[in-house]
Amino acid sequence: MTINTDAFLDSLPIMGSGLLGIFIVTAVLIIGIYILRALTSKKAEAEGTPDAAAPEAEAVKADPAAPKQTALDLMKEREKKDFLESDDTFTISNDL
Amino acid sequence: MDGLESLFSNVLNLNIKQVIMWIIGGILIYLAIKKKMEPTLLLPIGFGAILVNLPMSGAITQTVDGAVQEGPISILFNGGIANELFPLLLFVGIGAMIDFGPLLSNPKLMIFGAAAQFGIFFTLSMASLFGFELKDAASIAIIGAADGPTSIFVANYFGTKYIGAIIVAAYSYMALVPIVQPPVIKLLTTKNERKIRMDYTAKNVSKTARIIFPIFVTILTGLVAPNAVALIGFLMFGNLIRECGVLDSLSNTAQSVLSNLITLFLGITIAEKMQADAFLDPTTLLILGLGLVAFIFDTAGGVLFAKLINLFSKKKINPMIGAAGISAFPMSARVVHKLGLQEDSSNFLLTHTIGINVSGQIASVIAGGLILNLIAR
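Residues numbered from 1 in each chain as written. Chains lettered and ligands numbered in written order. Predicted model: local features only at pLDDT ≥ 70, side-chain atom pairs only at ≥ 80, totals over all residues. Heavy atoms only, no water.

Novice: What am I meant to see in the overall build of chain B here?
Specialist: Scanning chain B from terminus to terminus reveals 20 helices and two strands. Projected onto its principal axes, the C-alpha coordinates of chain B cover approximately 85 × 45 × 40 Å. When each of the 377 residues of chain B is scored for burial, the buried share is 60%. Considering only contacts within chain B whose residues lie at least 6 apart along the sequence, 77% involve residues at least 24 apart. Summed over all atoms, the accessible surface of chain B reaches about 14200 Å², with 66% contributed by carbon and sulfur. Averaging the coordinates of the 24 positive side-chain charges in chain B and doing the same for the 20 negative ones gives two points 17 Å apart. (Helix = DSSP H or I, 4+ residues; strand = E, 2+ residues; numbered from the N terminus. Buried < 20%, exposed > 50% of the residue type's maximum accessible area, 1.4 Å probe, protein only. Contact = heavy atoms within 4.5 Å. Areas by Shrake-Rupley, 256 points an atom, 1.4 Å probe, with all protein chains shown as cover. Lys, Arg positive; Asp, Glu negative; His and termini not counted. Charge placed at Lys NZ, Arg CZ, Asp CG, Glu CD.)

Novice: What is the right way to read the overall build of chain A from this model?
Specialist: Looking only at helices and strands, chain A features four helices and zero strands. From first element to last, N terminus to C terminus, chain A shows the α and β order α-α-α-α. Burial analysis of chain A (96 residues in total) assigns 34% to the buried set. When the accessible surface of chain A is split by element, carbon and sulfur atoms take 62% of a total near 5900 Å².

Novice: Help me understand the interface of chain B and chain A, please; the structure alone is not making it clear to me.
Specialist: Reports often express the size of an interface as the amount of accessible area lost when the parts come together. Counting from both sides, the interface comprises 84 residues of chain B and, opposite them, 54 residues of chain A. Here chain B and chain A share an interface that buries about 5900 Å² over both sides, 73% of which is from carbon and sulfur atoms. Taken together, the links from chain B to chain A amount to zero salt bridges. Linking chain B with chain A are six residue pairs in polar contact (both at pLDDT 80 or more), by the criterion used here. Among the residues making up the side of chain B that touches chain A, the classes are represented as 56 nonpolar, 17 polar and eleven charged. (Buried area = accessible area lost by both parts, 1.4 Å probe. Salt bridge = Lys/Arg side-chain N within 4 Å of Asp/Glu carboxyl O. Polar contact = N/O pair within 3.5 Å; in protein donor to acceptor, adjacent residues only side chain to side chain. Nonpolar A, V, L, I, M, F, W, Y, C, P; charged D, E, K, R; others polar.)

Novice: It is not clear to me how the pattern of salt bridges should be interpreted in this structure. Could you clarify?
Specialist: Side chains that carry opposite charge are capable of pairing whenever their charged atoms lie near each other. Residue and element names in this part refer to chain B. Taken as a whole and judged by the stated rule, the model has eight salt bridges over all chains. The shortest N-O distance in the salt bridge between Asp99 and Arg210 comes to 2.9 Å. In this pair, Asp99 sits in the loop between helix 5 (85-97) and helix 6 (101-105) while Arg210 sits in helix 14 (residues 207-224), placing the two residues 111 residues apart along the sequence. Residues Glu343 and Lys191 are paired through a salt bridge, measuring 2.9 Å at the closest nitrogen-oxygen approach. On the criterion of sequence distance, the pair formed by Glu343 in helix 19 (residues 331-343) and Lys191 in helix 13 (residues 191-194) is long-range, its members being 152 residues apart.

Novice: I'm lost on the packing of helix 14 of chain B against helix 20 (residues 350-374) of chain B in this one. Help?
Specialist: Two numbers describe a pair of packed helices, the interaxial angle and the distance between the axes. Residue and element names in this part refer to chain B. One way to put it is that helix 14 packs onto helix 20 with a least axis distance of 10 Å and a crossing angle of 20°. With respect to helix 20, the axis of helix 14 lies roughly parallel. Our pair here, helix 14 against helix 20, has a crossing hand that is right-handed. Contacts between helix 14 and helix 20 pair Phe213, Val217, Thr221 and Val224 from the former with Ile362, Ile366, Leu370 and Asn373 from the latter. Here the residues of the contact of helix 14 with helix 20 sort into six nonpolar, two polar and no charged. (Axes fitted to C-alpha atoms, helices over the stretch in contact; angles between N-to-C directions. Parallel < 35°, antiparallel > 145°, perpendicular 65-115°, else oblique. Left-handed = near helix turned anticlockwise from the far one by under 90°.)

Novice: Could you clarify how one ought to interpret the environment of Thr263 of chain B in this entry?
Specialist: Residue and element names in this part refer to chain B. Structurally, the position occupied by Thr263 is in helix 16 (residues 248-270). What makes Thr263 buried here is its relative accessible area of 4%. Taking the C-alpha atoms as reference points, Thr263 and Leu90, separated by 173 residues in sequence, lie 7.4 Å from one another.

Novice: How do you make sense of the packing of aromatic side chains when you look at a structure like this?
Specialist: By convention here, two paired aromatic rings are described through the distance between centres and the angle between planes. Residues and elements named next belong to chain B. Counted under the stated rule, the structure contains nine aromatic pairs over all chains. Geometrically, the ring pair formed by Phe118 and Phe297 is tilted, given 6.3 Å between the ring centres and 55° between the ring planes. Taken as a pair, Phe118 in helix 8 (residues 118-129) and Phe297 in helix 18 (residues 282-312) lie far apart in primary sequence, 179 residues in all. Ring centres of Phe122 and Phe297 lie 4.0 Å apart, and the angle between their planes is 25°; this geometry places the pair in the stacked category. Within this pair, whereas Phe122 is found in helix 8, its partner Phe297 is found in helix 18, the two being separated by 175 residues in sequence. (Phe/Tyr/Trp six-rings, centres within 6.5 Å; stacked < 30°, edge-to-face > 60°.)

Novice: For this particular structure, what's the right way to read the environment of Ala38 of chain A?
Specialist: Residue and element names in this part refer to chain A. With respect to the helices and strands, the residue Ala38 is situated in helix 1 (residues 5-39). Note on Ala38: relative accessible area 52%, which makes it exposed. Between the C-alpha atom of Ala38 and that of Leu20, which follows or precedes it by 18 residues, the distance is 27 Å.

Novice: Is there a simple way to think about the confidence of the model for chain B in this case?
Specialist: Note that predicted coordinates carrying low pLDDT should not be read in detail. Across chain B, the average pLDDT comes to 88, with 99% of residues at or above 70. Per the prediction output, this complex has pTM 0.79; the corresponding ipTM is 0.83. (pLDDT = per-residue confidence, 0-100.)

Novice: So what exactly am I meant to see when it comes to unusual backbone geometry here?
Specialist: One can expect most non-glycine residues to show negative phi and most peptide bonds to be in trans. Residue and element names in this part refer to chain B. Phi is positive for Asp65, which is not a glycine, with a value near 50°. In this structure, Asp65 sits in the loop between strand 1 (62-64) and strand 2 (67-69). In the Ramachandran plot, Glu84 falls in the positive-phi region, its phi being about 70° despite a non-glycine side chain. Inspection of the secondary structure assignment puts Glu84 in the loop between helix 4 (72-81) and helix 5. Taking relative accessible area as the criterion, Glu84 reaches 15% and is therefore assigned buried.

Right, dumping it as structure tokens:
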């Protein structure tokens with residue numbers, strides 16, 4: 001193993017360009033998503049499905065006797081069920 | 001007697017390096033079964049490490065008496081990894097598994113996904129400092145993507161000889177996220193910062209937005225980083241199948257059967273690059289160390305970026321959520337959420353961390369693509 005300071009210094013511009021690049025692309029993505037959402041907001045309101053809570057929201061609709069819950073309540077419930085009740089330290093990642 | 005001698009003659013071909021590889025294989029199998037650390041991959045990799053390190057193993061291509069004997073693991077490697085097919089097919093499955101709803105609901109959180117890729121670029125410079133060639137340094141740095149298929153894709157693209165060590169490091173550290181991240185987060189945040197509560201308002205995301213999103217990301221990334229368009233394209237193709245609503249059967253197949261099938265062969269095929277002579281090298285230890293550096297600095301990048309935003313923002317954010325920007329999904333989101341609960345049992349961060357975590361998945365692929373673009377093969 002050798003310490004190569006020249007190679008290190010040569011790599012710094014790549015590091016800078018890479019970091020700058022990823023922030024620029026992400027910023028464009030964020031702007032794009034806001035535009036996309038603005039263009040489809042009417043449809044979203046018509047569909048009326050809050051993100052990530054759709055299945056639970058449908059379940060509530062199917063049971064009129066159920067108490068009214070916010071999307072956050074539903075998420076908390078699901079989170080408790082899916083995440084907190086499990087005591088495994090190492091969980092299989094979907095990120096295969 | 002001669003028959004007995006010839007029967008056991010192969011035992012004499014065994015060397016200490018191969019035995020060490022059996023032990024390493026055994027450790028990986030132990031971690032997979034006993035500790036449940038990424039068992040879908042560490043178990044096949046561990047078994048494969050034993051399989052290819054048997055003397056004169058017929059599982060890998062060998063030259064015997066001047067004649068080339070093709071081995072099935074080598075054939076699978078050339079047919080599935082050397083041409084980047086397996087990681088791409090796996091990405092279809094992963095794309096079908098991911099719900100980008102939380103991200104579409106709160107897009108500005110995506111910036112943390114970008115910040116948490118800092119470790120990749122930092123490690124690139126560190127690996128260069130330690131004397132690795134630039135293409136090897138880039139391949140090692142991508143361990144910090146916390147994303148197996150991207151690591152395989154980039155390492156393979158540059159044709160690095162360290163691909164075995166890189167893949168083992170990438171998957172091992174992904175499994176160790178619950179151990180690696182908390183001390184880094186605690187070191188960089190105060191107790192009061194970890195207690196910060198964040199409001200969450202669920203916003204409606206139309207089906208149209210969900211359908212257009214994967215197409216938009218593919219086009220944008222393809223324009224910026226054309227070398228990564230296959231990676232992001234296959235990921236987003238899987239997501240489009242999920243969201244379109246008319247291909248449920250294909251979506252289910254991609255999420256389960258396809259992913260399982262590819263994973264089954266991916267692990268054992270990776271072992272082709274775990275042959276003792278190439279793997280048992282002090283450099284392997286250095287690569288494992290640099291992989292850890294990448295994960296630590298990814299986490300630090302996300303947390304410090306959140307703290308930087310807090311300097312200018314009236315509405316404070318919990319800086320821990322920045323750490324969820326690494327791609328290890330959903331572990332990273334869960335780790336940060338649990339840390340929040342440790343400080344305040346009613347602090348609910350998961351809705352934020354899940355969104356950031358899926359942005360990390362996209363950002364890691366973009367980071368991989370940028371590296372492919374910035375460094376000549």
